[in-house]
Protein chains: 2
Amino acid sequence: MTLKQFAPWKIQTDDRFKLSDIATRLPEKIEKTDEARRLKTLFDRLNQLQTMLYASKTRGVLLVLQGMDTSGKDGVIRHVFTHVSPLGVRAQAFAAPTEEERRHDFLWRIHSKLPARGDMVIFNRSHYEDVLVPQVRAWLKPAMLQKRLAHIRHFEAMLHDEGITLLKCYLHISKGEQKKRLQARIDEPDKQWKLQASDFEDRKLWPAFMKAYEQMMSATSTQLAPWYVVPADDKSDRNRFLAELLVATLEDMHLKMPQATVKPGSFKLL
Amino acid sequence: MTLKQFAPWKIQTDDRFKLSDIATRLPEKIEKTDEARRLKTLFDRLNQLQTMLYASKTRGVLLVLQGMDTSGKDGVIRHVFTHVSPLGVRAQAFAAPTEEERRHDFLWRIHSKLPARGDMVIFNRSHYEDVLVPQVRAWLKPAMLQKRLAHIRHFEAMLHDEGITLLKCYLHISKGEQKKRLQARIDEPDKQWKLQASDFEDRKLWPAFMKAYEQMMSATSTQLAPWYVVPADDKSDRNRFLAELLVATLEDMHLKMPQATVKPGSFKLL
């Protein structure tokens, strides 16, 4: 798929959209046999593109993953990035800010973890938590929230100009799907380590979170750093969609393998 | 002195000024006896203000020092900041970017060294080197230079909003004064460790550096992050001027000692 084909899931700048108007599932289900073959092709291509990114070091890639609890941020990282080499690929999770991080500007802890040219970094949560949570909990005055959104736009424009390609994805699940997944965390011993009281607190604030996400994505989805809504009720569809979108983004960068810095023919093996 | 009294040395946004129109010396020389007393008062007040900054942790301070070689960046740090506690005060020098730093955006290495709220950080050279040197050496296309200047404005506005007060100083020496100081580095064994071939290369490009400084300061001197030109041909005048300007900036922040978090009277000593 080309990047243009993802237009239905791309948020436009200042778009007044409702997440509830966007389906949490893809319209058609691909046959399982086709899907396996498609995934194999996709992951092979992802590997090639990441190798070109790493070898040429002309640009870096930042993939931002956001979404409600159980929306599949950990899962999509495991399923998609198991297929690329950790050489040049790094996943970075952000928890609640530490005491030291809270004494700095909200982009301080983010900036230090950004990719260099040649690297691909996946953010499991991000600087968007610092406009999302304070908005829902009313810790931030509206004027300060607007300032932070503008600062994020400028910060991401700087990153783009300095060689970082940004792809921001909201993993979109329904409230019903979250109920099933949280119940599984209660019932299944293997999943209980993920249980957190805050998940249940945040669930009560679902409408406020949706509103905050809508406002935040609308304010920060730009041509150079767009937001996409990824239908995420079905896990395998979500993984394939994200892999397709990432590959399309990398294809759109027109990466090239660098020229050898020495003449390969000049070496003689003794 | 109040901050307003420094207006003659403050660069206005988009001001088309010439550094050659600004004197590298102060108009009147204060008597030596008065000066010692004035300095003592100044340093005592600087100490009080820095203690309030550290105790209240409501804002941080970033002092940026730029200037040609021998303009006194090291000297002013030594003379002014010897009088404050290193608890909460840090000087940070930036050399030519490392291989790793060059693979990141130009603000990456800067951001990680910025003050937290409560801290005062002095930058000996800064992100301004990354618009200055590439401009003089013509490594950067003019469009990219303009973008970097805009990114710096936005970055510094973000810092201000997030609690960092910025003060940017250009240490202004004449080409004649530099000649004397470089000659001293050649002649005096104690100063020879500072000799660098690049100082002599940069001296040849003096007019290009002046032009680059003028353009850069004019583009990035804002109400929230102003540039001041510090007359620096006379070392003791330079030190006093900078201390006065820093104290005026700190006074303007209206810092307060925080309230005790416990009732002091509630403790009983056994």
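Residues numbered from 1 in each chain as written. Chains lettered and ligands numbered in written order. Predicted model: local features only at pLDDT ≥ 70, side-chain atom pairs only at ≥ 80, totals over all residues. Heavy atoms only, no water.

(A) Region of interest: the layout of surface pockets. All names here are of chain A. The calculated volume of the second largest pocket comes to roughly 1,500 Å³. As for the second largest pocket, its lining consists of 50 residues, of which Asp69, Lys73, Phe94, Arg125 and Gln196 are closest to the centre. Put simply, the parts of the chain that give the lining of the second largest pocket at least two residues each are helix H2 (73-81), helix H3 (99-102), helix H5 (129-136), helix H7 (175-187), helix H8 (197-204), helix H9 (206-220) and helix H10 (235-251). Among the residues making up the lining of the second largest pocket, the classes are represented as 16 nonpolar, 10 polar and 24 charged. (1 Å grid on protein atoms, 1.4 Å probe; cavity = no way out; pocket = protein on both sides within 12 Å on 5 of 7 lines; lining within 4 Å. Points joined across faces, edges and corners; volume = space filled by probe spheres on them. Helix = DSSP H or I, 4+ residues; strand = E, 2+ residues; numbered from the N terminus. Nonpolar A, V, L, I, M, F, W, Y, C, P; charged D, E, K, R; others polar.)

(B) Local environment of the pairing of strand E4 (residues 164-172) of chain B. All names here are of chain B. The element E4 is largely enclosed, with a buried count of 9 among its 9 residues. Burial along E4 is two-sided: Ile164, Leu166, Lys168, Tyr170 and His172 facing one way and Thr165, Leu167, Cys169 and Leu171 facing the other are all buried. The pairing of strand E1 (residues 60-67) with E4 spans 8 bridges and is parallel. Residue pairing for E4: Leu65 is matched across the bridge by Cys169. (Buried < 20%, exposed > 50% of the residue type's maximum accessible area, 1.4 Å probe, protein only. Pairing = 2+ DSSP bridges.)

(C) Fine view of the relation of the copies chain B and chain A. Mapping chain B onto chain A leaves a residual RMSD of 0.0 Å; the transformation is a rotation of 180 degrees accompanied by 0.0 Å of translation along its axis. Both copies of the chain, as the preceding transformation shows, are related through a two-fold rotation axis. Comparing interface residues between copies, 100% of those in chain B also lie at the interface in chain A; the contact surface is shared. (Least-squares fit on C-alpha atoms with pLDDT ≥ 70 in both. Contact = heavy atoms within 4.5 Å.)

(D) Region of the structure containing the packing of H2(A) against H10(A). Residues and elements named next belong to chain A. At their nearest, the axes of H2 and H10 sit 10 Å apart, and the two run at 65 degrees to each other. As for how H2 packs across H10, the hand of that crossing is right-handed. Note on element contacts: H10 touches H2 through Arg238, Asn239, Leu242, Ala243 and Leu246, opposite Gly75, Val76, His79, Val80 and Phe81. Residue composition of the contact of H2 with H10, grouped by class: 6 nonpolar, 3 polar and 1 charged. (Axes fitted to C-alpha atoms, helices over the stretch in contact; angles between N-to-C directions. Left-handed = near helix turned anticlockwise from the far one by under 90°.)

(E) Quick look at the pairing of strand E4 (residues 164-172) of chain A. In terms of strand pairing, E4(A) meets strand E5 (residues 227-231) of chain A through 5 bridges, oriented parallel. Across the sheet, A:Tyr170 pairs through a bridge with A:Val229, a residue of E5(A).

(F) View of the nonpolar core. Formed by 151 residues in total, the largest nonpolar core has its most connected members in A:Phe81 and B:Phe81. What B:Phe81 contacts, discounting residues up to four positions off in sequence, is B:Leu63, B:Val76, B:Val89, B:Met120, B:Ile122 and B:Leu246. (Core = buried A, V, L, I, M, F, W, Y, C linked by side-chain atoms within 4.5 Å.)

(G) Quick look at empty space enclosed by the protein. Across all of its chains, the model carries 1 cavity of 30 Å³ or more by this definition. Reported here for the largest cavity is a volume of approximately 60 Å³. In terms of lining residues, the largest cavity is bounded by A:Leu107, A:His151, A:His154, A:Phe155, A:Met158, B:Leu107, B:His151, B:His154, B:Phe155 and B:Met158. Every element with two or more residues in the lining of the largest cavity is listed here: helix H6 (142-161) of chain A together with helix H6 (142-161) of chain B. Of the residues assigned to the lining of the largest cavity, the class counts are 6 nonpolar, 4 polar and no charged.

(H) Region of the structure containing a nonpolar patch on the surface. Together, A:Ile186, A:Leu195 and A:Phe200 line one region of the surface with nonpolar side chains, adding up to about 210 Å² of accessible area. The residue A:Leu195 is located in the loop between H7 and H8 in this model. (Patch = residues over 30% accessible without salt bridge, like charges linked within 9 Å, V, L, I, M, F, W, Y side chains within 5 Å. Areas by Shrake-Rupley, 256 points an atom, 1.4 Å probe, with all protein chains shown as cover. Salt bridge = Lys/Arg side-chain N within 4 Å of Asp/Glu carboxyl O.)

(I) Region of the structure containing the interface of chain B and chain A. Each partner contributes residues to the interface: chain B has 26 residues there, and chain A has 26 residues. When chain B packs against chain A, close to 2,400 Å² is buried across both sides, 51% of that on carbon and sulfur atoms. Counting across the interface, chain B meets chain A through 6 salt bridges. Between B:Arg103 and A:Asp119 there is a salt bridge, and its shortest N-O distance comes to 3.3 Å. (Buried area = accessible area lost by both parts, 1.4 Å probe.)

(J) Molecular detail of the side chain of A:Glu129. Residue and element names in this part refer to chain A. Relative to the elements of secondary structure, Glu129 occurs in helix H5. Look at Glu129 and you get buried, because its relative accessible area is 13%. Of note is the side chain of Glu129, whose polar atom sits 2.7 Å from the side chain of Gln66. Sequence-distant contacts of Glu129, defined by excluding residues within four places in its chain, comprise Gln66, Pro134 and Tyr213. (Polar contact = N/O pair within 3.5 Å; in protein donor to acceptor, adjacent residues only side chain to side chain.)

(K) Region of the structure containing the sheet that holds E4(A). Residues and elements named next belong to chain A. Read across the sheet, 5 strands follow the order E2-E3-E1-E4-E5 without closing on themselves; strand pairing throughout is parallel. Two strands lie at the open edges of the sheet, namely strand E2 (89-93) and E5, each paired on one side alone. Taken pair by pair, the neighbouring strands of this sheet meet at an average axis angle of 20 degrees, ignoring direction. With 5 bridges connecting them, strand E1 (residues 60-67) and strand E3 (residues 120-124) associate as parallel partners.

(L) Looking closely at the pattern of salt bridges. Using the criterion set out here, one finds 44 salt bridges over all chains in the structure. Between B:Arg125 and B:Asp69 there is a salt bridge; the shortest N-O distance is 3.0 Å. A residue pair is termed long-range when its members are at least 10 positions apart, and B:Arg125 in the loop between strand E3 (120-124) and helix H5 (129-136) and B:Asp69 in the loop between E1 and helix H2 (73-81) qualify at 56 residues. Between B:Arg125 and B:Glu129 there is a salt bridge; the shortest N-O distance is 3.3 Å. Several salt bridges share partner residues, and in doing so they unite A:Arg25, A:Glu177, A:Lys180 and A:Arg181 into one network.

Take it as geometry only, folks, not as evidence of what the structure does.
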